[in-house]
Amino acid sequence: MSTLGEREPVHVTVWDEATPGAPRVLLVHGTMTWGTECFAGQRPLAEMFRLEVVDRRGFGDSPDIARSDYETDAEDILQFLGHGAHLVGHSYGAAAVMLAASVRPEAVQSLTLIEPSPLRTAAGHPTVAAAVRRIREAFGAFDAARMDPEVYLRASTEPYGLPAPEPTPRMLRAVRSAMRERPVWDAALPLGRLAAAALPKVVINGTWETAHPEYREFIGAALAACGEYLAEAIGARHVQVSGASHAPHQERPDEVNAVLTRLWQS
């Protein structure tokens, strides 16, 4: 990893109505979103925990970056870890927290991966391997750098039965950053170091049975298989949330919050 040097710090929103000294939690969002939008469903947990909601570079209120990168995100997380915190990463953000935890496992009080998307780590699974091939073909079929962000937003949602978010300036900035991201599905991550780390770990996946068939076929089945594979590989508890797809913490917040509460209180 490179050093951050003179880079401007990323933005962190703090939700904290807990008693002083409550456990710290760093929450790291995925792509085409930002911290407070991604983790709005976890806001009630601030009554018991200090939630530090990170905006990755290029998203939310954090500085621009030429190309979003999970390694850069991990460097930012390491700057915030201090003497210790619980780490939570959703989708793209899962790769960043995995990298940070592998570097400083002694400072990580627990690790939660929600729908982790570094598919290459589980490429030995045939469902995942097929998905990686599909994604590579899809990426090669168009030039995202030249595509209009509103068109990209619709192409990333509507064919899969997802409502296209309102194209606000903040959302379009997130889309532009996503269009330039280093592909997380191709990330090579240090699973051995995470397996050796003596810290509580949880992987949370949706079961995807209620998702649009096109969405489930293109990526859903592979993400579910990737989560199961990663949980076994790093010695994590695997939690499956019924009736949810790629955002179980948003679709079933009460169920996911109960898992997080038990983990952080232990």
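Engineer: Help me understand the pairing of strand β3 (residues 50–54), please; the structure alone is not making it clear to me.
Structural biologist: Along any regular strand the residues' side chains alternate between the sheet's two faces. In terms of burial, β3 is a largely internal element, 4 of the 5 residues being buried. Relative to β3, strand β1 (residues 12–15) runs antiparallel, the two sharing 4 bridges. Looking at the pairing, valine 14 lines up with glutamate 52 of β3. Pairing of strand β2 (residues 24–28) with β3, which is carried by 5 bridges, proceeds in the parallel orientation. Within β3, the residue paired with leucine 26 across the bridge is glutamate 52.

Engineer: Even after reading the chapter, I still don't get the nonpolar core, so can you show me in this structure?
Structural biologist: Most often, soluble globular proteins have nonpolar side chains that are buried together. Within the largest apolar cluster, 50 residues are counted, with the highest numbers of intra-cluster contacts made by Ile77, Leu81, Leu87, Leu111, Leu113 and Leu119. Only β2, α2 (70–81), β4 (85–90), α3 (92–103), β5 (108–114), α4 (126–140), α7 (191–196) and α8 (213–234) provide two or more residues apiece to this core. Setting aside anything within four residues of it in sequence, one finds leucine 119 in contact with Val128, Ala131, Val132, Ile135, Val184, Trp185, Ile219, Ala222, Leu223 and Cys226. Counting residues in hydrophobic clusters, the runner-up holds 22 residues, among them Val25, Leu51, Val88 and Val241.

Engineer: Explanation requested: the packing of aromatic side chains in the structure shown.
Structural biologist: Two numbers describe a pair of aromatic rings. These are the distance of the centres and the angle of the planes. For the structure on display, the rule yields 5 aromatic pairs. Judged by centre distance (5.0 Å) and plane angle (80°), the ring pair of phenylalanine 49 and tryptophan 264 falls under edge-to-face. With phenylalanine 49 in the loop between α1 (35–38) and β3 and tryptophan 264 in helix α10 (residues 253–265), the pair connects residues that are 215 residues apart, well separated along the chain. A relative accessible area of 2% places phenylalanine 49 in the buried class. Following the ring pairs from residue to residue traces out a cluster consisting of Tyr160, Trp208, Tyr215 and Phe218. The aromatic ring of tryptophan 34 is capped on one face by arginine 170, whose charged end is 5.5 Å from the ring centroid.

Calculation rules
Residues numbered from 1 in each chain as written. Predicted model: local features only at pLDDT ≥ 70, side-chain atom pairs only at ≥ 80, totals over all residues. Heavy atoms only, no water. Buried < 20%, exposed > 50% of the residue type's maximum accessible area, 1.4 Å probe, protein only. Helix = DSSP H or I, 4+ residues; strand = E, 2+ residues; numbered from the N terminus. Pairing = 2+ DSSP bridges. Core = buried A, V, L, I, M, F, W, Y, C linked by side-chain atoms within 4.5 Å. Contact = heavy atoms within 4.5 Å. Phe/Tyr/Trp six-rings, centres within 6.5 Å; stacked < 30°, edge-to-face > 60°. Lys NZ or Arg CZ within 6 Å of the ring centre and 35° of its normal.

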